[in-house]
There are 4 protein chains.
Amino acid sequence: MSSLSTDHNPLAFELEIADWVNSHPLKLSELRGNVVVLYFFQMLCPACVIYATPIAKKIHELKIPHLKLIGIHSVFEHHEAMSKKSLLAYIHEFRLNFAIGIDQPNEKSHIPKTMEKYGLQGTPSFIIIDPEGYIKAHLFGVPDELSLGLFLGKWLGRE
Amino acid sequence: MSSLSTDHNPLAFELEIADWVNSHPLKLSELRGNVVVLYFFQMLCPACVIYATPIAKKIHELKIPHLKLIGIHSVFEHHEAMSKKSLLAYIHEFRLNFAIGIDQPNEKSHIPKTMEKYGLQGTPSFIIIDPEGYIKAHLFGVPDELSLGLFLGKWLGRE
Amino acid sequence: MSSLSTDHNPLAFELEIADWVNSHPLKLSELRGNVVVLYFFQMLCPACVIYATPIAKKIHELKIPHLKLIGIHSVFEHHEAMSKKSLLAYIHEFRLNFAIGIDQPNEKSHIPKTMEKYGLQGTPSFIIIDPEGYIKAHLFGVPDELSLGLFLGKWLGRE
Amino acid sequence: MSSLSTDHNPLAFELEIADWVNSHPLKLSELRGNVVVLYFFQMLCPACVIYATPIAKKIHELKIPHLKLIGIHSVFEHHEAMSKKSLLAYIHEFRLNFAIGIDQPNEKSHIPKTMEKYGLQGTPSFIIIDPEGYIKAHLFGVPDELSLGLFLGKWLGRE
């Protein structure tokens, strides 16, 4: 269901976002001191809609100090069906209340820019960034909630 | 979660469909002899996507003789986000393989024509039609699978 | 998860029950005219406790006319841990309200008598008996609720 | 479903255990340096069997360094149905592989000794103990896995 890689720990790449929903523009460089979870999804990806988005929503709604969840809508297929207008309808219907950045389209590729930088295999993907801005995990697929909580909690406890 | 009404038993209203997916055009009048389940949904309705569509899909995939499932995409909100192009992407991503009719838009109302004829409260809704073409149940919401199976099975057994 | 056999259709074997809970003694021969579901379980069988017993409970609680659910506690392992006293505690804690017969122990075998007659592979097992008293299905494992409902409904509709 | 209290932080009370399963005798005083989760349950408590025991099992199976899970079988009702012999059958059938202490019966009360010391409201209950041996949380009911993971992770990260 999911794969977790914690081997490489580069500084997290800055987001490239065309537009923001539920938030003013966010920069990773301004979020140092927080554990940041990037949740990459597509509004028509079944495992996102049914399993992973509810986890992202829960991370946001727990309002844990120094834990920030940012959704990234990274469309790499069916671009016309997942336009900004469609995304807004999806966000409204599914009551998503967390910050969502629309990944900057790429003129040279069907993969948008932030997704490309992070070298993701697909959606859903979670990237976990430590308070100093380093990538601590890449997770492709649907995470186990207990394991994800333990992993995030350890970084929160180290502050 | 759901409400079931079995009070009124008029002859089922003929479908008004703009376009068909996964099927040639279907007419209820040509399906006499079958128990027909009409499944009214919207591709961005959370209870449809998460709970009711998997039930519709299962009814279709069981391939029970004389039991026909027809999906009706009845858009009454966010029309632009649920165009035919978007629906095709949704059908592809969620691997929907049953016949789906796109409910005929209504120039006078935001409610499309088949949905209006059937007087539905919203989506998801299931309409159950007996082999003689009479409406036997209106179900709004997510049905309990055991109860739905018992209801359908009784009509199948009566043939 | 489950296997369904509908090949053999002998007259259902009469129950051999040491004791009844939630009911006066029941005889299959006195239940003609009903679709009867025999639910064979053990109170310490995980698939029974977690998945199958809730389905049995739901069949009972739907109170469908001419559909009777009878639980049979058929202990074939850990006999001391699943005594009548233990069963009563289990029934109380899990709020089981359907008729439960304690399968008659077998002096020659660890398999109790009703279970042996029916040739069951283990628990949970469901046996479906038609209104004339013939076995219509053997189901070993956890049934799909929609499929089970359809199967039962067809026999109810034929009356 | 659950309530969490983190107000009082006394040193954790030593366990009073009549017998151990899956383990040599354990003492909290010898587990300093670890985050310890005490999982109080009864083998015939529905919320334990269906929801909480799988969480306890998962905590154990994740084999997180410095995180120890100890089950405590604290029988306060239906004592005869939840004897050691019955518990062993339950542990075998449900494939429980974590250390389980049988809470010492109390001659003066139906509540066993460890459960009484900890002032628990019932089962399932989780007690979380920090590496220095202080109680950091009382949780009665079924925990949310993400929240539980975050809470445990924070204490693990502080080491």
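Residues numbered from 1 in each chain as written. Chains lettered and ligands numbered in written order. Predicted model: local features only at pLDDT ≥ 70, side-chain atom pairs only at ≥ 80, totals over all residues. Heavy atoms only, no water.

**Student:** Report on the relation of the copies chain B and chain A, specifying residues and quantitative values.
**Tutor:** Relative to chain A, chain B is turned by 180° and slid 0.0 Å along the rotation axis, the superposed coordinates differing by an RMSD of 0.0 Å. In short, the pair behaves as if placed about a two-fold rotation axis. No C-alpha of chain B approaches the rotation axis more nearly than that of Ile50 of chain B, which lies at 3.0 Å. Here 100% of the contact residues of chain B are again contact residues in chain A; the copies associate through an equivalent surface. (Least-squares fit on C-alpha atoms with pLDDT ≥ 70 in both. Contact = heavy atoms within 4.5 Å.)

**Student:** Could you give an account of the interface of chain B and chain A, with specific residues and numbers?
**Tutor:** Taken together, the 16 residues of chain B in the interface contact 16 residues of chain A. Summing the contributions of chain B and of chain A, the shared interface buries around 1,500 Å²; its carbon and sulfur component is 69%. Three residues stand out in chain B for area buried against chain A, namely Leu44, Glu93 and Phe94 of chain B, and they jointly supply 34% of the buried area on that side. Applying the counting criterion to the chain B and chain A interface returns two salt bridges. Linking chain B with chain A are four residue pairs in polar contact (both at pLDDT 80 or more), by the criterion used here. For the side of chain B that touches chain A, the leading source of residues is helix α2 (residues 84-93) of chain B, giving six residues. Here the residues of the side of chain B that touches chain A sort into nine nonpolar, three polar and four charged. (Buried area = accessible area lost by both parts, 1.4 Å probe. Salt bridge = Lys/Arg side-chain N within 4 Å of Asp/Glu carboxyl O. Polar contact = N/O pair within 3.5 Å; in protein donor to acceptor, adjacent residues only side chain to side chain. Helix = DSSP H or I, 4+ residues; strand = E, 2+ residues; numbered from the N terminus. Nonpolar A, V, L, I, M, F, W, Y, C, P; charged D, E, K, R; others polar.)

**Student:** Which residues make up the pattern of salt bridges, and what are the values?
**Tutor:** Evaluation of the coordinates by the stated rule reveals 24 salt bridges over all chains. The partner of Glu80 of chain A in a salt bridge is Lys85 of chain B, with the nearest N and O atoms 3.2 Å apart. Taken together, the positions of Glu80 of chain A in the loop between β4 (67-73) and α2 (84-93) and Lys85 of chain B in helix α2 put the pair across two chains. A salt bridge links Lys58 of chain C to Glu145 of chain C, with the nearest nitrogen and oxygen atoms 2.5 Å apart. Of this pair, Lys58 of chain C sits in helix α1 (residues 46-61) while Glu145 of chain C sits in helix α4 (residues 145-158), and the two are 87 residues apart along the sequence. Given a relative accessible area of 23%, Lys58 of chain C falls into the partly exposed group. Put simply, Lys58 and Glu145 of chain A together with Asp144 of chain D are held in one network by salt bridges that share partners. (Buried < 20%, exposed > 50% of the residue type's maximum accessible area, 1.4 Å probe, protein only.)

**Student:** Report on the packing of aromatic side chains, specifying residues and quantitative values.
**Tutor:** Enumeration over the complete set of coordinates arrives at 20 aromatic pairs over all chains. Ring centres of Phe40 of chain A and Tyr118 of chain A lie 5.8 Å apart, and the angle between their planes is 55°; this geometry places the pair in the tilted category. You can see Phe40 of chain A sitting in strand β3 (residues 35-41) and its partner Tyr118 of chain A sitting in helix α3 (residues 113-118), a full 78 residues away along the chain. Residue Phe40 of chain A shares its accessibility class with Tyr118 of chain A, and that shared class is buried. Look at Tyr90 of chain D and Phe94 of chain D: their rings are 4.6 Å apart centre to centre, the planes differ by 35°, and that puts the pair in the tilted class. A relative accessible area of 1% means that Tyr90 of chain D is categorised as buried. A relative accessible area of 12% places Phe94 of chain D in the buried class. Aromatic rings pair up to connect Phe13, Phe40 and Tyr118 of chain A into one cluster. Against the face of Trp155 of chain A rests Arg158 of chain A, its NZ or CZ located 4.4 Å from the ring centre. (Phe/Tyr/Trp six-rings, centres within 6.5 Å; stacked < 30°, edge-to-face > 60°. Lys NZ or Arg CZ within 6 Å of the ring centre and 35° of its normal.)

**Student:** So, the relation of the copies chain D and chain A: which residues are in play, and what are the values?
**Tutor:** In the superposition of chain D on chain A (RMSD 0.0 Å, axial shift 0.0 Å), the rotation amounts to 180°. A share of 100% of interface residues in chain D that are also interface residues in chain A marks the association as one of identical surfaces.

**Student:** I'd like a rundown of the side chain of Asn34 of chain A, residues and numbers included.
**Tutor:** Residue and element names in this part refer to chain A. Tracing the backbone shows Asn34 in the loop between β2 (17-21) and β3. Residue classification places Asn34 among the buried residues on the basis of a relative accessible area of 11%. Within the local environment of Asn34, its side chain forms a polar contact with the backbone oxygen of Leu31, the two atoms lying 3.0 Å apart. With residues up to four places along the chain from it excluded, the contact list for Asn34 reads His66, Leu67, Lys68, Ile129, Asp130 and Pro131.

**Student:** Give a detailed account of the state of the cysteines, specifying residues and quantitative values.
**Tutor:** All names here are of chain A. A full pass over the atoms with the stated rule returns four disulfides over all chains. For Cys45, the disulfide goes to Cys48, at an S-S distance of 2.3 Å. On the S-S bond that ties Cys45 to Cys48, the torsion sits near 80°, and the link is right-handed. A relative accessible area of 0% means that Cys48 is categorised as buried. (Disulfide = S-S within 2.5 Å.)

**Student:** Can you lay out the environment of Ser125 of chain D for me, pointing to particular residues and giving the numbers?
**Tutor:** Residues and elements named next belong to chain D. With respect to the helices, strands and loops of the structure, Ser125 is situated in strand β6 (residues 125-129). As a C-alpha pair, Ser125 and Asn97 span 28 residues in sequence and 19 Å in three-dimensional space. Ignoring any residue separated from it by four or fewer positions in sequence, one finds Ser125 in contact with Leu38, Tyr39, Phe40, Leu120, Leu139 and Phe140. Within the structure, the side chain of Ser125 is placed 2.8 Å from the backbone oxygen of Gly122, a separation counted as a polar contact.

**Student:** Mind laying out the interface of chain D and chain A, listing which residues take part and the relevant values?
**Tutor:** Interfaces are frequently sized by the accessible area removed from exposure as the parts join. With 19 residues of chain D in contact, the opposing surface of chain A contributes 19 residues. Carbon and sulfur atoms make up 75% of the area that chain D and chain A hide from each other, which totals about 1,500 Å². Together, Leu146, Leu150 and Lys154 of chain D form the three largest contributors to the area buried by chain D at its contact with chain A, with a combined 40%. Across the contact surface, chain D and chain A share two salt bridges. The partner of Asp144 of chain D in a salt bridge is Lys58 of chain A, and the shortest N-O contact between them spans 2.5 Å. Linking chain D to chain A there are six residue pairs in polar contact (both at pLDDT 80 or more). Looking at the side of chain D that touches chain A, the elements with two or more residues in it are α1 (46-61) and α4 (145-158) of chain D. Per element, the largest residue contribution to the side of chain D that touches chain A is 12 residues, and it comes from α4 of chain D.

By themselves, these figures tell us nothing about what the structure is for.
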